[in-house]
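Observations on the three-dimensional arrangement
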Amino acid sequence: MTRTGPVRERRSPEPTKENNMNGDIRAGVIDVHAHWLPRDLLALPPGNPLGGMNDRDGELFLGDIPLSFPTAAMTDVDTIVADTLKAGLGARVISAPPFAFPVHAPAEADDYITAYNEQLADAVSRTDGTLVGLGLVRLDDVAAARRELTRLAAAEGIAGVAVPPVVDGRSYDRGVPREVLGVAAELGLSVLVHPMQLPRAEWDHHYLVNLIGNPVETTTAVAGVLLGGVLEELPDLRICFVHGGGCAPSLLGRWGHGWRSRDDVRRGSTRPPAESFGLLYFDTITHDPEVLRLLRAHASPDRIVCGSDYPFDMAQPDPVGFLLGHGIDAAVLEANGRRFLGMKPAHTAR
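This section reports on the structure supplied with the text.

Rules used throughout
- Residues numbered from 1 in each chain as written.
- Predicted model: local features only at pLDDT ≥ 70, side-chain atom pairs only at ≥ 80, totals over all residues.
- Heavy atoms only, no water.
- Helix = DSSP H or I, 4+ residues; strand = E, 2+ residues; numbered from the N terminus.
- Contact = heavy atoms within 4.5 Å.
- Polar contact = N/O pair within 3.5 Å; in protein donor to acceptor, adjacent residues only side chain to side chain.
- Expected span 1.5 Å × (residues − 1).
- Core = buried A, V, L, I, M, F, W, Y, C linked by side-chain atoms within 4.5 Å.
- Buried < 20%, exposed > 50% of the residue type's maximum accessible area, 1.4 Å probe, protein only.
- Pairing = 2+ DSSP bridges.
- Axes fitted to C-alpha atoms, helices over the stretch in contact; angles between N-to-C directions.
- Left-handed = near helix turned anticlockwise from the far one by under 90°.
- Nonpolar A, V, L, I, M, F, W, Y, C, P; charged D, E, K, R; others polar.

**Structural notes on the environment of Tyr310**
With respect to the helices and strands, the residue Tyr310 is situated in the loop between β11 (304–305) and α13 (319–324). For the pair Tyr310 and Gly52, spaced 258 residues apart in sequence, the C-alpha separation works out to 19 Å. Not counting chain neighbours up to four residues away, the residues in contact with Tyr310 comprise His33, Ala34, His35, Ala73, Thr79, Ile80, Asp83, Arg92 and Ala315. Polar contacts involving the side chain of Tyr310 include one to the main-chain carbonyl oxygen of Ala73, which spans 3.5 Å.

Take a look at the structure:
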């Protein structure tokens, strides 16, 4: 059904469910987008085509490809905590690198998922509120996903899950991935959507698989959520798209025109995409102040959260300074990060 009439004001309702963390993290700006993987899981999940990750004299490799940062920055909790404090952050949210998403042979990945989530909960519990965790989950089986999500919801220091934008050619507007979002919303878990660098022949040079592929993957998921009516069905869902939402801010007007002009575009949603866009969270890794300005023009100011992509080479090296230097207040960033994580405001957290 299609509704017509004036666009409703974009409001960001307070989350109706809080997770098990009870707001117990360090005060300050929260970086929602950083990565961690324990050394014993560097081989990556079953079926991965990448040859696993490995340490070579203190440097981390993906197969035979150097990742250009020390292994400790991905695997050692003390190193991550020290780098978090050095960056002027209050807290950092860590999740698995996208190579570790269990998508290639998910039915064989239960042990890997459980091991990661258990070690993640243990790791963040030892950091005195400096680190928060986002776990792993299968996206091919709703029952398996529910079991793992239920465990995550009960784990201290775990706020939700990190997931890829596209799974087997589908995104979150249909099928099992959409159902998994419903379970996450039901359990009060946050969802961070992170691209996987899906290979395509035209992107096999100049690092285009990242420079173009990553934002395109994210954009596909944003479009699926908006045009698929996901937030109309799941108003309590807290979902964040990294890298500033990819290309989505620059395409929002085009999507809106299509929604108004074509039955097949608006078939899955009852409100224009710009209205639901204001209910999505976005991190701030744009690498360009003008792109950040465009994101702020379309996203709700209380849904923009700090991100760094630590420790990868495409990370924003000074995530706090970049934002403060371009007019975003530190207190607002902290409040937004807490809201995304489903936590109480700082002044009532302890």
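And the narrative resumes.
**Side note on the side chain of Thr219**
Locating Thr219 in the fold gives a position in helix α7 (residues 213–227). Leave out the neighbours within four places in its chain, and Thr219 touches Gly245, Gly246, Cys247, Ala248, Leu251 and Trp255.

**Notes on helix α4 (residues 142–153)**
In this model, α4 (12 residues) spans 16 Å end to end at C-alpha, consistent with the 16 Å of a helix rising 1.5 Å per residue. Turning to α4, the residues buried within the fold contact α3 (110–125), β6 (131–135), β7 (158–163) and α5 (175–187). At the N-terminal end of α4, a side-chain oxygen is found 3.0 Å from the backbone nitrogen of Ala143, two or three residues along, and the residue is Asp141.

**Focus on the nonpolar core**
Membership of the largest hydrophobic core comes to 101 residues, with the highest contact counts inside it found for Leu37, Met53 and Leu280. Element by element, the count of residues in this core is highest for α3, at seven residues. For Leu280, the residues in contact, after removing those within four places along its chain, are Val222, Val225, Leu226, Leu231, Ile239, Phe241 and Arg303.

**Details of the sheet that holds β6**
Read across the open sheet, the eight strands follow the order β1-β5-β6-β7-β8-β9-β10-β11; overall the sheet is parallel. The open sheet has two free edges, formed respectively by β1 (30–35) and β11, since each of these has just one partner strand.

**A short note on the packing of α7 against helix α9 (residues 248–261)**
Axis separation between α7 and α9 bottoms out at 11 Å; the angle between their running directions is 35°. The interaxial crossing formed by α7 with α9 has right-handed handedness. Between α7, through Thr219, Val222, Ala223, Leu226 and Leu227, and α9, the contact on the second element is made entirely by Ala248, Leu251, Leu252, Trp255 and Trp259. By residue class, the composition of the contact of α7 with α9 is nine nonpolar, one polar and no charged.

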